[in-house]
Amino acid sequence: MRVHITYTGGTIGMVDSPRGLVPGADLQGWLASLLKGTPLEHVVTVTPLVPLIDSSNATPLSWQAIVDDLRAHAADNPEAAFVVLHGTDTMAYTSAALSYALTDLTVPVVITGSQLPLRVLGSDAAANVTGALRAATSGRVDGVSLFFGHRLLAGNRATKSSSWAFTGFESPNTAPLAITGAPWQWAAPTPTGIGWRNAAPYARHDVIVVDLTPGITAARLEALLTPLPDAVILRAFGVGNIPSQEPGLPDIVEQVVTAGTAVIVTSQCHEAEVLLGRYEAGDALARSGAVGSRDMTLEAAYAKVQFLLSQGLRGGELARWMGRSIAGELRE
Ligand code: ASP
């Protein structure tokens, strides 16, 4: 089996500079010594994307560059397995984005990175890369997953939960796909969603994420949404509640929806299932035409909105797709 690695940047290959960590390590040399004497020694190819980036600089165009590299190599090698090396900061956005764009690809794609650079003593880089390679070549996963800190997670269910711990990521609303050990513990396969044929490439759309806070006024919310973006993700409280008694605030949401901009309501809770209208404080949202993100993570919801906008969907049509599972990103 061949394995292709798309290297995008991130701490894993960074070195010190006078202005902080920057890409610059000899990742390919390190990888060659890591794999020497293993069954993967002569079967791995690597594409470093140019430029290598800190994932904080990623945009939907960066997601598309990874999709393009994966597709190009999958066309040459339909039997291959794929690993993406990525910074941890926005890895969960990228893994969700890849999952929507690649539903027609029948090869496994596993994304990983590390909290410490590969040359630092005690780094988690070797464990994460070998774990990702093992998962990708296991024959047990399809689609996009994320390997980090001894766990394999569904790529569109993961979220970065720690800026320092080697566990790094969690999938708060679903169980891990696998946990490493001797032997690895594998979970039963999860539903994959209805897929998307001939996905148009990601373009960069104007999507705002607004965190509601106790005391926010209608005027502030209106100012944040002016001019109107292509879509709004409203991070509300609990199951999707807002300060409904704040004068004029629910009306702002209704005006945005009426103007043809989709409003998607997510929760500020780490573990959440959005149920609009369960409380009076969320009822106005439900009646305004806003839609809840169910149990999607923020990263999965944001990448999905960018995906649907890139497919040409807007307003109510986009909102309806938010409730359907394209790649297993939510429980229907
Ligand atoms: N800032 C880095 C990045 O996301 C963090 C990391 O890789 O851990 O590229």
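This one's a predicted model, so the numbers in the text were calculated from it and none came from an experiment.

A. Helix α8 (residues 298-310), seen in detail. The first and last C-alpha atoms of α8 sit 18 Å apart over 13 residues, in line with the 18 Å expected at 1.5 Å per residue. The buried count for α8 comes to 13 of 13 residues, which makes it a mostly enclosed element. Directly beyond the C-terminal end of α8, a positive phi value near 95° is found at G312.

B. Quick peek at the packing of helix α6 (residues 249-258) against helix α7 (residues 280-288). Between α6 and α7, the least distance of the axes is 9 Å, while the angle of their chain directions is 15°. For the element pair α6 / α7, the angle class is roughly parallel. The two elements α6 and α7 cross, and the hand of that crossing is right-handed. Facing P250, V253, E254 and V257 of α6, the residues of α7 in contact are A284, L285 and S288. Grouping the constituent residues of the contact of α6 with α7 by class yields five nonpolar, one polar and one charged.

C. Representation of the sheet that holds strand β11 (residues 178-179) within the structure. The eight strands are arranged β4-β1-β5-β6-β7-β8-β11-β12 in an open sheet whose pairing can be described as mixed. Each having just a single partner strand, β4 (44-53) and β12 (185-186) make up the two edges of the open sheet. Bridge count between strand β1 (residues 3-9) and β4: six bridges; the pairing is parallel. The residue of β4 that forms the bridge with V3 is V44.

D. Main features of the site of the ligand. As a matter of local geometry, the ligand sits amid G10, T11, D54, S55, G87, T88, D89 and S114. Between T11 and the ligand, the recorded distance is 2.9 Å, taken from a backbone N or O atom to an oxygen atom. A distance of 2.5 Å is found between an oxygen atom of the ligand and a side-chain nitrogen or oxygen belonging to S55. Residues that form the shell around the ligand fall into these classes: no nonpolar, six polar and two charged.

E. Up close: the pattern of salt bridges. A full pass over the atoms with the stated rule returns eight salt bridges. Salt-bridge contacts for D104 lead to R71; the nearest nitrogen and oxygen are separated by 2.8 Å. Taken as a pair, D104 in the loop between α3 (91-101) and β6 (109-112) and R71 in helix α2 (residues 60-76) lie far apart in primary sequence, 33 residues in all. A relative accessible area of 29% places R71 in the partly exposed class. Among the charged side chains, a network of salt bridges with common partners joins R157, E273, D295 and R331.

F. Spatial organisation of the packing of aromatic side chains. This model, assessed by the stated rule, comprises 10 aromatic pairs. Measuring from ring centre to ring centre gives 5.3 Å for W196 and F307, while their planes differ by 85°; the resulting arrangement is edge-to-face. Here F307 lies in helix α8 and W196 lies in the loop between β12 and β13 (207-211), a separation of 111 residues in the sequence. Three or more aromatic residues joined by ring pairs make a cluster, and in this case those are W63, Y93, Y100, W196, Y202, Y302, F307 and W321. Cation over ring: R324 sits above W321, and NZ or CZ is 4.7 Å from the ring centre.

G. The arrangement of the nonpolar core in detail. One finds Y100 and L308 to be the most contacted residues of the largest nonpolar core, which totals 51 residues. It is α8 that contributes the most residues to this core, nine residues altogether. Not counting residues up to four positions away in its chain, the partners in contact with L308 are W196, L313, L318, W321, M322 and I326. Counting 30 residues, the second-largest nonpolar core is a separate cluster that includes Y7, V110, L133 and W184.

H. Here's a closer look at unusual backbone geometry. With an omega dihedral of 5°, the bond running from A182 to P183 counts as a cis peptide bond. Within the element layout of this structure, P183 appears in the loop between β11 and β12. The amide bond that connects T226 to the next residue, P227, takes the cis arrangement and shows omega of -5°. Within the secondary structure layout, P227 lies in the loop between α5 (218-224) and β14 (231-236). Phi is positive for N198, close to 50°, though the residue is something other than glycine. Relative to the helices and strands, N198 is located in the loop between β12 and β13. Using a relative accessible area of 73% as the deciding quantity, one classes N198 as exposed. Although it is not a glycine, R294 adopts a positive phi angle of roughly 50°. Its location among the elements puts R294 in the loop between β16 (291-292) and α8.

I. Up close: the sheet that holds β13. The four strands are arranged β13-β14-β15-β16 in an open sheet whose pairing can be described as parallel. Looking at which strands have only one partner, the edges of the open sheet turn out to be β13 and β16. Bridge analysis of β14 against strand β15 (residues 262-267) gives six bridges, and the strand direction is parallel. Looking at the pairing, I233 lines up with I264 of β15. In this fold helix α9 (residues 315-322) packs onto β15 and β16, with an angle of close to 30° to the strand it touches most, β15.

Analysis parameters
Numbering of residues begins from 1 in every chain and follows the order in which that chain's sequence is written. Where local features are concerned, this predicted model is filtered to residues with pLDDT of at least 70; where side-chain atom pairs are given and counted, the filter is 80 or more; whole-chain, interface and lining totals use all residues. Side-chain figures throughout are based on the complete set of non-hydrogen atoms in the structure, without hydrogens or water. Numbering of helices and strands runs from the N terminus; a helix is a DSSP stretch of H or I covering at least four residues, while a strand is a stretch of E covering at least two. Here a helix's expected span is defined as the number of its residues, less one, multiplied by 1.5 Å. Relative accessibility thresholds used throughout: buried, under 20% of the residue-type maximum; exposed, over 50%; partly exposed, between the two (1.4 Å probe, protein chains only). Axis geometry follows a simple rule: fit a line to the C-alpha atoms, using only the stretch in contact for helices, then measure angles between N-to-C directions, giving values from 0 to 180 degrees. Roughly parallel means an angle under 35 degrees; roughly antiparallel means over 145; roughly perpendicular covers 65 to 115; every other angle is labelled oblique. The hand of a helix crossing depends on one turn: near helix anticlockwise from the far one by less than a right angle means left-handed, and clockwise means right-handed. Contacts are residue-level and defined by heavy atoms, with any inter-residue pair within 4.5 Å sufficient. Charged means Asp, Glu, Lys or Arg here, nonpolar means Ala, Val, Leu, Ile, Met, Phe, Trp, Tyr, Cys or Pro, and polar covers whatever is left, Gly included. Note on pairing: two strands pair once DSSP finds at least 2 bridges between them. In these notes, residues near a molecule or strand are those with any non-hydrogen atom within 4 Å of it. As used in this structure description, the phrase polar contact means that two N or O atoms lie within 3.5 Å; if the pair is within protein, one of them must be able to donate a hydrogen and the other to accept it, and residues adjacent in sequence are counted only when both atoms belong to side chains. Between Lys or Arg on one side and Asp or Glu on the other, a salt bridge is scored when a side-chain nitrogen of the former is within 4 Å of a carboxyl oxygen of the latter. Any two of the Phe, Tyr and Trp rings considered here, Trp counted by its six-membered ring, make a pair once their centres fall within 6.5 Å; the pair's planes then place it as stacked at under 30 degrees, edge-to-face at over 60, or tilted in between. Only lysine NZ and arginine CZ atoms are considered, and such an atom sits over a ring when it is within 6 Å of the ring centre and within 35 degrees of the ring normal. For our purposes a nonpolar core is just a set of buried Ala, Val, Leu, Ile, Met, Phe, Trp, Tyr and Cys residues, chained together by side-chain atoms within 4.5 Å.

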